[in-house]
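# Geometric and topological summary
As a plain string of letters, each chain reads:
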Amino acid sequence: IDRAIVEFEGDFFIKRFFVTDSHGNKIEDLENLERIKRALAEAIGGDGDGTVSVVKSTANRGIVVRRAGLVEGFGERKAKAERMFSLMDGFLKNDPFSLQKDILHHVEYTVARSRFNFDDYEAYQEGDAALGNGGLARFSACQMDSLATLDYPAWGYGLRYEYGLFRQIIVDGFQHEQPDYWLNFGNPWEIERIHVTYEVKFYGTVEDVDRNGEKHEVWIPGETVEAVAYDNPIPGYGTRNTINLRLWAAKPSNHFDLEAYNTGDYINSIVNRQRTESISNVLYPDDRSHQGKEMRLKQQYFFVSASLQDIIRRFKEAHNNFDELPEKVALHLNDTHPSLSIAEIMRILVDEEQLDWNKAWNIVCKIFSFTTHTVVAEGLEKIPTDLLGSLLPRHLQILYKINSNFMEELKKRIGLDYNRLSRMSIVEEGAVKSIRMANLSIICSHTVNGVSKLHSDTLKMRTFKDFYELWPEKFQYTTNGVTQRRWIVVSNPSLCALLSKWLGTEAWIRNADLLTGLRDHVDNTGFRHEWKMVKRLNKMRLAEYIETMSGVKVSLDAMFDVQVKRIHEYKRQLLNIFGIIHRYDCLKNMDKNDRTKVVPRVCIIGGKAAPGYEIAKKIIKLCHAVAEKINNDADIGDLLKLVFIPDYNVSVAEMVIPGADLSQHLSTAGHEASGTGSMKFLMNGCLLLATADGSTVEIIEEIGSDNLFLFGAKVQEVAELREKGGALKVPLQFARVLRMVRDGYFGDKDYFKSLCDTVEVGNDFYLLGSDFGSYLEAQAAADKAFVEPEKWTKMSILSAAGSGRFSSDRTIREYAERTWKIDPCQCPF
Ligand code: C3B
């Protein structure tokens, strides 16, 4: 390597960047990445003009522009970001393999002309705003991108948590959680709206007041906190429309409790105030179980109350008749987390705006639509009435009234079928009397959506059967999707360039259906060669990351086999680990000659366990214990490696997904409502090994069953298999693997006992044992396909070619047209 050339435009942007050998030829051999980086560091890492340094990127987010302290005001910042992106586009056009850009993935540069020096910047990596737990939140982010791009007039509301989802660190194979204080260095993208604030109230009592001779109930709250808006603009792609994600932060209210101060208890009243202000502090890390915690309920109401005040204020600015509300406002409930808004809007309309109850109810029922994102029972929220009654006494009354009206109406429709009436009631009687938030949401929404066809069928036939029979027309499905702008354009620039080159257009970035055009080139060897090169480049990027994170060196010739998602028993990471143990066991017992025929594998697992979810944490530990054994077995070498990637998050996903050959989606049929990870892998030309669950069923319709590896019980077989209990047939291989773990082959025998018990015959709720045989067959089929690179590449191309239907653009268009009945609306400029 002779020189690295970096040309700058202005102070901020790298205009051109390349590396040449001593003959002046551009170097494309990325195996030499380390050397290239060193050369670069030598060439420009010193001082030069004192502005640029090169380091190993840990975030791997492409070019990271350091903004802090450099620019002020959103307009200017946006203009600069736009310039940067247009330069990046330039790279892509001139270099179909986007060599330069891939190297830039490893290069961070910054401007040190202000008071910062580079070391400060290194600590200030722009991390993810981890404001959600898993698939549900990431899906919302994709929806926001599509809403903006398709010019729909829509806003998102949420909470501005100071601590997002915990950072996962692994010590000795165990997960530890660390707080993620992501706002430490400020968030330059957000705009604090100090003038958009609302009071949110809690506790207190309900009192009767006389209004024109009539008795009315009015809430006299006991505690007030202020909600301040922080706006996060979401620019659409290829349009000037920008929508808003408005996040609320809790701030001290200026309403002092005079009495407390006057009695001299100054310190305690400050402490109490601080407790109130902590409402938006931290995201609950359990993505499914709801333990009826007061703070969680406070967060939900804080979010709902501030958002509704904002929505109603904006409505009232232009309208004065609430009859027009359903014409102008559509509110979508994503899962039941915001469903208190039903009671809150009734309270506003009846208690504050003084509308008649029935009139208000008719309006409200035309505004809400509801998507449920799960079938797992723990996912259906129930709020103990004791808790609700103390925190929001008026809301509890309103909920009781909604329920008694509904029960009366229901009796007229179905008669005195008390079992059914009690199943459909919003109020659950029992040891802990509670409010069923899903029932409330269904009753009040005009549309109830599932997130895939299979999920919707399950809702209709099982979870909400009673409601489906009452209102079949309410039930629909809108299959999830993901945005190709993040999951291809941002995270896989090489593939992005390749797609545009062979499709002859960049229009697929706004219209993913055009990806089907790839089918026309699948027999073109030149195209397939380039396709393979892109995958290899991404595998290199991933291999380097794996080595940095875990010290494990992996071979690029191996199949990169990935399972990344939250750790859950139903997602069956344990099935994957058992499969790996089985593979290892076979290798150990194999003739040396036969080993030459084995497809080398790099198995990659990543995901966070909820801090209180013991079994999930044990799965993580087992994965490390097995990895320890396999990776240090010199006899096995490159034939099998197992790596756990810590702290799986969006940034990590952006690197892992493009580098995967195979991805696993193993949920027991009927348990994954949709799944969106699979769609991201599909877009990146990664083959799927999956059960017929969630949206996979529709993926098969698009790409054909020949282009993925399907296994496991079908949804209609699951109940019957479970009934068999102890009489269930389990393959010998499964019993053997289970025995190895039980006997302490991977150490920590006692620790793993309870984990093994969960999959023992008779206790194996998620059916790992009975699916194991067909799982191994699917894995064998994957191996067989992988040794024929041309066949594999065709399958990979056809996977990406069929991924257009799983763009969130399609999802959003369906919601807009069918559910919200809204039209695109371009901002006039
Ligand atoms: C998830 C589901 O588990 C996924 O199947 C689904 O694709 C996404 O939502 C988006 O619809 N989900 C989640 O991450 N957290 C919940 N509490 C419920 C569902």
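Just so you know, these numbers come straight off a predicted model, no measurement behind them.

This part takes up the overall build of the chain. Counting its secondary structure elements, the chain contains 32 helices and 23 strands. When each of the 829 residues of the chain is scored for burial, the buried share is 57%. Considering only intrachain contacts with a sequence separation of at least 6, the fraction spanning at least 24 residues in the chain is 74%. When the accessible surface of the chain is totalled, it reaches about 34,700 Å², and 50% of it is carbon and sulfur.

Along helix α28 (residues 732-742), the residues classified as buried are Phe734, Val737, Leu738, Met740, Val741 and Arg742. On its buried face, α28 is in contact with α21 (573-588), α23 (614-631), α29 (749-757) and α30 (768-786). Within two residues after α28, Gly744 carries a phi angle of roughly 85°, on the positive side.

This part covers the site of the ligand. Taken together, 15 residues lie around the ligand, and Asp287, His373, Asn480, Glu672 and Gly675 are the ones closest in. Measuring from an oxygen atom of the ligand, one finds a backbone N or O atom of Leu136 at 2.9 Å. Ala673 places a polar main-chain atom, nitrogen or oxygen, 3.4 Å from an oxygen atom of the ligand. Surface burial for the ligand is 96%, taken as the share of its 420 Å² of free accessible area covered by protein chains. Residue composition of the shell around the ligand, by class: five nonpolar, seven polar and three charged. Both of domain 2 (135-480 + 815-820) and domain 3 (541-790) provide at least three residues apiece to the shell around the ligand.

Right, let's talk about the side chain of Asp661 for a bit. Residue placement: Asp661 occurs in the loop between α24 (650-656) and β21 (662-665). We classify Asp661 as buried; its relative accessible area is 4%. Among the polar contacts made by the side chain of Asp661, one reaches the side chain of Lys539 at a distance of 2.7 Å. A distance of 2.8 Å separates a polar side-chain atom of Asp661 from the backbone nitrogen of Phe560. Setting aside anything within four residues of it in sequence, one finds Asp661 in contact with Lys535, Lys539, Ala558, Met559, Phe560, Cys686, Leu687, Phe786 and Trp792.

As a further point, take the state of the cysteines. Disulfides are covalent bonds that connect the sulfur atoms of two cysteines. Under the counting rule described, the total for this entry stands at zero disulfides. Cysteine Cys365 shares no disulfide, and the gap to the nearest cysteine sulfur, in Cys444, comes to 4.3 Å.

Turning our attention to the nonpolar core. One finds Trp248, Phe302 and Ile345 to be the most contacted residues of the largest nonpolar core, which totals 81 residues. Aside from chain neighbours lying at most four places away, what touches Ile345 is Leu308, Ile312, Leu325, Leu331, Val364, Ile367 and Phe368. In this structure, Val598, Ala625, Ile630 and Phe644 belong to the second largest nonpolar core, which totals 61 residues.

A few words now on the pattern of salt bridges. By the definition in use, this model includes 58 salt bridges. Linking Asp594 and Lys597 is a salt bridge whose minimum nitrogen-to-oxygen distance equals 3.3 Å. Salt-bridge contacts for Arg601 lead to Asp783; the nearest nitrogen and oxygen are separated by 2.9 Å. Taken together, the residues span a long stretch of sequence, with Arg601 in strand β19 (residues 601-606) and Asp783 in helix α30 at a distance of 182 residues. We classify Arg601 as buried; its relative accessible area is 0%. Note on Asp783: relative accessible area 15%, which makes it buried. A single network of salt bridges, built from pairs that share partners, joins Arg193, Asp231, Arg246, Asp310, Arg313 and Glu317.

Further remarks concern the sheet that holds strand β18 (residues 559-564). Spatially, six strands are ordered β20-β19-β18-β21-β22-β23 in an open sheet, and the strand pairing comes out parallel. What marks the edges here is a single partner per strand, and that holds for β20 (640-645) and β23 (709-711). Averaged over all pairs of adjacent strands, the angle between their axes in this sheet comes to 20°, without regard to strand direction. On top of the sheet, helix α20 (residues 525-550) reaches β18, β19 and β20; it is set at about 75° to β20, its chief contact. Packed onto the sheet, helix α31 (residues 789-801) meets β18, β21, β22 (687-691) and β23 and runs at close to 75° relative to β22.

Turning our attention to the confidence of the model for the chain. Chain-level pLDDT for the chain is 86 on average; 83% of the residues reach the 70-or-more range. Scored below 50 in pLDDT, residues 6-16 makes 37 contacts in the model with residues more than four places away or belonging to other chains. The low-confidence segment residues 39-123, where pLDDT is below 50, has 166 contacts with residues more than four positions distant or belonging to other chains.

Its identity is not glycine, yet Asp151 carries a phi of approximately 65°, on the positive side. In this fold, Asp151 is placed in the loop between α5 (135-149) and β3 (155-159). Taking relative accessible area as the criterion, Asp151 reaches 8% and is therefore assigned buried. Of note in the backbone geometry, Leu767 takes a positive phi value of approximately 60° without being a glycine.

A word on the pairing of β3. Among the five residues that make up β3, four are buried, leaving the element largely enclosed by the rest of the structure. Sheet analysis places β3 next to strand β10 (residues 242-251), joined by five bridges and oriented parallel. The partner of Trp155 across the bridge, within β10, is Asn244.

A separate point is the sheet that holds strand β12 (residues 368-371). One open sheet accounts for four strands, arranged β11-β12-β16-β17; its pairing is parallel. Edge positions in the sheet fall to β11 (331-334) and β17 (475-477), since each of these pairs with one other strand and no more. Pairwise comparison of adjacent strand axes, ignoring direction, gives a mean angle of 25° for this sheet. Pairing of strand β16 (residues 447-450) with β17, which is carried by three bridges, proceeds in the parallel orientation.

So, about the pairing of β10. β10 sits mainly inside the fold: seven of its ten residues count as buried. Summarising the sheet, strand β9 (residues 223-235) and β10 pair through ten bridges and their orientation is antiparallel. From the neighbouring strand, Asp231 faces β10, where its bridge partner is Arg246. The turn joining β9 and β10, which pair antiparallel and follow one another in sequence, is formed by six residues; a positive phi near 70° is taken by Gly238.

Another aspect to go through is the side chain of Thr479. The topology assignment puts Thr479 in the loop between β17 and α18 (484-490). Residues contacting Thr479, with those up to four places away along its chain left out, are Val451, Ser452, Lys453, Met679, Ser695, Glu698, Phe806, Arg810, Thr811 and Glu814.

Each value, and the rule that gives it
Residues numbered from 1 in each chain as written. Predicted model: local features only at pLDDT ≥ 70, side-chain atom pairs only at ≥ 80, totals over all residues. Heavy atoms only, no water. Helix = DSSP H or I, 4+ residues; strand = E, 2+ residues; numbered from the N terminus. Buried < 20%, exposed > 50% of the residue type's maximum accessible area, 1.4 Å probe, protein only. Contact = heavy atoms within 4.5 Å. Areas by Shrake-Rupley, 256 points an atom, 1.4 Å probe, with all protein chains shown as cover. Near = heavy atom within 4 Å. Polar contact = N/O pair within 3.5 Å; in protein donor to acceptor, adjacent residues only side chain to side chain. Nonpolar A, V, L, I, M, F, W, Y, C, P; charged D, E, K, R; others polar. Domains from an automatic or database assignment. Disulfide = S-S within 2.5 Å. Core = buried A, V, L, I, M, F, W, Y, C linked by side-chain atoms within 4.5 Å. Salt bridge = Lys/Arg side-chain N within 4 Å of Asp/Glu carboxyl O. Pairing = 2+ DSSP bridges. Axes fitted to C-alpha atoms, helices over the stretch in contact; angles between N-to-C directions. pLDDT = per-residue confidence, 0-100.

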